[in-house]
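Report on the structure
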Amino acid sequence: MPFLPPPAARLPSPHRPEIEVVSALAGRLAPALDWNAAAGQARPWVQAVRDKPAPFWAMESLLREFPISSAEGLALMRLAEALLRVPDAETAVALTADQLGKARFDADAGSGGAHRMLANLSTSAIALSKKLLPEADGESGVLKRLGANTVVAATVRAIQLLGRQFVLAPSIGEALHEAAHARRGRAALRFSFDMLGEGARTEADAGRYLAAYAAAIDAIGGGRLAEAPEAADGISIKLSALFSRYEDAQRERVFAELLPRVVQLVERAARANINLAIDAEESDRLELSLDLFDALAARVAREHAGWRGFGLAVQAYQTRAPEAVDEVARIARAHGLRVMVRLVKGAYWDGEVKRAQEQGLAGYPVFTHKHHTDMAYLACAQSLLAQHAVIYPQFATHNAGTIAAILQMARAHGARFEMQRLHGMGEAVYREVMRSAEVPVRVYAPVGEQRDLLAYLVRRLLENGANSSFVHQLADPAVDVDALLASPLHPAPAPSLPLPDALYGWDGTRGRRNSRGADLAVAAERAPLERAVDGTALEPVAEARTGDVDAAMSSLQRGFVRWNATALGERAAALRRAADALQARLPEFCGLLVKEARKTLPDAVSEVREAVDFCRYYAEQAERRLAPQALPGPTGESNELRLHGRGVFVCISPWNFPLAIFAGQVVAALVAGNAVAAKPAEQTPRVAARMVALLHEAGVPGDALALLHGPGETVGAALVAHPRAAGVCFTGSTAVARAIHRSLAARDGAIVPLVAETGGINAMVVDSTALPEQVTDAVVQSAFRSAGQRCSALRLLCVHEGIADGVIAMLSGALRELQVGDPAALATDVGPLIDAEAHAGIARHVARLRREATLVGEAPLPPHAPADALAPVAFEVQRIADVKEEVFGPVLHVVRWSGDAEAVVREVNALGYGLTLGIQTRIDSRAQRLAHAARAGNVYVNRNMIGAVVGVQPFGGEGLSGTGPKAGGPHYLYRFCAEQTVTVNTAAAGGNAALLAGFTSTPAGE
Ligand SMILES: Cc1cc2nc3c(=O)[nH]c(=O)nc-3n(C[C@H](O)[C@H](O)[C@H](O)COP(=O)(O)OP(=O)(O)OC[C@H]3O[C@@H](n4cnc5c(N)ncnc54)[C@H](O)[C@@H]3O)c2cc1C
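Residues numbered from 1 in each chain as written. Predicted model: local features only at pLDDT ≥ 70, side-chain atom pairs only at ≥ 80, totals over all residues. Heavy atoms only, no water.

Details of the site of the ligand
Taken together, 31 residues sit near the ligand, with G346, T373, T397, E463 and F470 positioned nearest. One of the backbone nitrogen or oxygen atoms of G346 is found 2.6 Å away from an oxygen atom of the ligand. Between the ligand and A347, the relevant distance is 2.9 Å, taken from an oxygen atom to a main-chain nitrogen or oxygen of the residue. Here the ligand, which alone exposes 960 Å², has 92% of that area covered by the protein. (Near = heavy atom within 4 Å. Polar contact = N/O pair within 3.5 Å; in protein donor to acceptor, adjacent residues only side chain to side chain. Areas by Shrake-Rupley, 256 points an atom, 1.4 Å probe, with all protein chains shown as cover.)

See below:
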């Protein structure tokens, strides 16, 4: 086993308040930097670039015409991302028509400008293509089709040309040739080559990237020993391309499997004496990347002590950037090395913001003001320059102000350094910089084939097209030069985006507060959860017997009268107190969920969050929707609609969400004024008991909520059949829902509501515009997370035959990388099934599929896997109709389709269920048509299809999947209420005083 450092925290929390971080940076920078002088130096550069704008073929020109904030720019980007990979002509035509149909690419659409030739060229081509293309996906005559194919070919060509702006060459040999050509007359020009591609999803991908990097290093070295890494071309590598599980949670495997691969490349680079830079990726990999860097540095120090070309990139937009720089310097010093550090601002800002919001983190790991990123960049630059004894700084930026500030600080430090830019960007700025200062410049030059350049191309389109981007503003004459070079050294007091807590309108005191998650990649946030899991012991919970049911229902009936009379605001306040208490006890409940319900830690955190959200959401909904409502009517009369509880609601919940579904049902019924008899699943009574206790502590009276833990066939059946049951809320199998329905129907007395949420045979329809990597990620999460024990889980993957072989191969490879094991271990992706009975049933189904279907792939089942663990597995079947029943485990069925996507959805509908549907396509109009055609409660486009968020994706289906209304949606509470209209004849006592006093109709609420 190689060196595995402890996951010690090297860095502070990524979620510190932004103002705190930048105030400290501003304080440090102000004495060291004369911004006015820097801006003064940059002004003539900017002016010169504007006077001599980029040539017509440059990206800047095109993106000035069509910024990504415009429909045209967005269409261009979407086409660029997808069109080149579409294998079949029909789909390529549909995609082109769909995207071009949204935009005005005619001659007047752009914002104008001096060098419009390229824009005009594409404009004419695209305008022509719009005339020829069918109006929408699906309808195309032969003539139109012929024309369309020509236009698609032209659009493909245009996108290839676009790609060539940013990609140096398709192969390393050609790239070296291009580099040599570019260097003529500019000896100080260096290159860092990057072998393009998506992150690896399989070992086969990783092997291909490793070979490509190794061959590239050999080619760059060319058999000769470079004089010095500073003076030679080098290579940039992405660790996510070398290992499909480059994640903090897989730390052990990262060191066992990824590290040796990087070592191979590092040794080659060291032998060739060139720069090897590790690119910076997402913020949740930062600490892990530093750990790897440390381990690699130890090796370099041991075996290549004289090599000065080992390096990595640091992103200034991360709030921990200054500490990351210090940590790199510390590592270099500790190993007696001098390393290269490329300082970038960062390329994944949008993704970082989204992830923090989705996970409900305490803050953003990146700055939210653009000038804060600039400020952090300069502070990091200063720190790198000050530590030049151990660091060779490489400043990667296209921003003229940033460049001038760096030149100024570098002069003060007398440090050696280089500047860097991306191929296809910033050329004009550096042309001007080089006139006044002799600085070495290295160009980051991507190398790759068409298909591999797409993701990279889109990143650059986003970067260049973003309004905040320097390059974009430089090309826009409407942006004043002073504004372009405004000082970044002023901290803004508040973030420019609402914090994740405030996503649903919470202002610190009012509104609905979002539930708080935990960043499991941060040791300090993970530790309390792990301690809680370790410390959780499962105590028995007292079982109710059938004979207890009557007394419990009578007591609840008495409780109902009081609770229903309690003010709505007080009932809502109890839910909010429960939410806060639950949030505060996140670790404790996670521990219980892991131990009792066999949940993995990420699943446990999500589940607690969902329960918190239910409490707050239903509290808010109750106050908004259940308050008495005055209705209009004739004069002399008042009319008011009032809602109140129905009586004792029986809530029966499943083991797969023993906290979230349990709590959701119970608090919805309670806040509407009902008393609740709560029957949890037999497998998970402890979570339920703890939640009931918490609700009592939060102010729900003991006689308004009772836990009745016991078998469904006896206790559950007695509750449903009890004459005092005023309604039933059930989540579980369709078969049990039917039994409950029958039992209710057989009762004498009132007919009461049944809210039933049942299962589904959930499908994902993938067309040939979809990105296989994205499909694979979505499929693996949707089908196998929680061991497939979610009602929303994907059971049936329908993939277009044009890309099926590739998707199936990738899925098979990704399955092999899944970790089955103890749910308490962070590295576990898939824990055991809930019990032996579930295991036996699913194992029987898998055995049948082994005989009758074709195996696509399966995860390895380690020898020490816990009892009841079942390896995630996928089989190819012939027809959609072959999948007849919901299999509640990690088993995926795959079918290929061709022809009409809508027909696929109709076949899925015909299965009779209607819970979730996934759609993967880049044809927006197709996604909408399929969603309309689908009889499914929740449709997810281009993402996974699990993890519905309360109030955001109200959850629940139709047909065999349930009765509705949707949980976590605006119509849910009404089903728990009885309604009453109170009409008062206000003219009864003598006459209509209001009318006589001058009102023409009865004011509402009179
Ligand atoms: C040689 C080279 C290598 C690179 N390698 C990497 C790498 O390994 N990893 C990586 O992630 N990127 C890398 N990049 C990409 C780099 O991050 C971008 O090119 C860079 O951010 C552009 O910065 P700029 O100074 O040219 O532009 P500017 O326009 O001055 O700055 C753009 C930066 O501001 C950020 N920003 C925009 N809006 C906001 C906001 N509201 N709040 C806070 N910040 C905001 C953007 O996300 C971006 O980081 C590399 C770039 C170069 C030139």
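Considerations on the side chain of R512
With respect to the secondary-structure elements, R512 resides in the loop between α20 (481-484) and α21 (523-535). In this view, R512 contacts D501, Y504, G505, W506, D613, R616, Y617, E620, V950 and G951; residues no more than four positions away in its chain are not counted. (Helix = DSSP H or I, 4+ residues; strand = E, 2+ residues; numbered from the N terminus. Contact = heavy atoms within 4.5 Å.)

Some thoughts on the sheet that holds strand β10 (residues 637-645)
Across the sheet, three strands lie side by side as β9-β10-β23; this open sheet has antiparallel pairing. Of all strands in the sheet, those bounded by a partner on one side alone are β9 (629-631) and β23 (977-985). Averaged over all adjacent pairs, the angle separating strand axes in this sheet is 25°, with direction ignored. Summarising the sheet, β10 and β23 pair through nine bridges and their orientation is antiparallel. If you follow G645 over to β23, its bridge partner there is C977. (Pairing = 2+ DSSP bridges. Axes fitted to C-alpha atoms, helices over the stretch in contact; angles between N-to-C directions.)

A closer look at empty space enclosed by the protein
Summed over all chains, the structure comprises seven cavities of 30 Å³ or more. Of the pockets and cavities examined, the largest cavity occupies roughly 150 Å³. Taken together, 17 residues line the largest cavity, and the ones lying closest to its centre are A280, E281, L286, S289 and A313. Put simply, the parts of the chain that give the lining of the largest cavity at least two residues each are α12 (286-303) and β4 (310-315). No other element matches β4, which puts four residues into the lining of the largest cavity. Considering only enclosed or pocket space, the second largest cavity measures out at about 120 Å³ in volume. For the second largest cavity, the lining is made up of 13 residues, of which A597, R598, K599, S786 and Q789 are closest to its centre. Grouping the constituent residues of the lining of the second largest cavity by class yields five nonpolar, five polar and three charged. (1 Å grid on protein atoms, 1.4 Å probe; cavity = no way out; pocket = protein on both sides within 12 Å on 5 of 7 lines; lining within 4 Å. Points joined across faces, edges and corners; volume = space filled by probe spheres on them. Nonpolar A, V, L, I, M, F, W, Y, C, P; charged D, E, K, R; others polar.)

A short note on unusual backbone geometry
Here the residue pair G964 and P965 is connected by a cis peptide bond, since its omega of -10° sits within 30 degrees of zero. Take P965: it is sitting in the loop between β22 (938-941) and β23. Here S786, not a glycine, exhibits a phi torsion of approximately 60°, which is positive. Its place among the elements puts S786 in the loop between α30 (772-784) and β17 (794-800). Of note in the backbone geometry, A787 takes a positive phi value of approximately 55° without being a glycine.

Remarks on the packing of aromatic side chains
For the structure on display, the rule yields ten aromatic pairs. Ring geometry for F191 versus F193: centroids 5.9 Å apart, planes at 10°, classification stacked. Overall, F191 belongs to the buried group, its relative accessible area being 3%. For F193, a relative accessible area of 0% corresponds to the buried category. With 4.7 Å between their ring centres and 15° between their planes, F293 and F310 make a pair best called stacked. Of the two residues, F293 is situated in helix α12 and F310 in strand β4; the sequence distance between them amounts to 17 residues. When its relative accessible area of 1% is taken as the criterion, F293 is described as buried. Among the aromatic residues, those joined into a ring-pair cluster are F614, Y617, Y618, F649, Y972 and F976. (Phe/Tyr/Trp six-rings, centres within 6.5 Å; stacked < 30°, edge-to-face > 60°. Buried < 20%, exposed > 50% of the residue type's maximum accessible area, 1.4 Å probe, protein only.)

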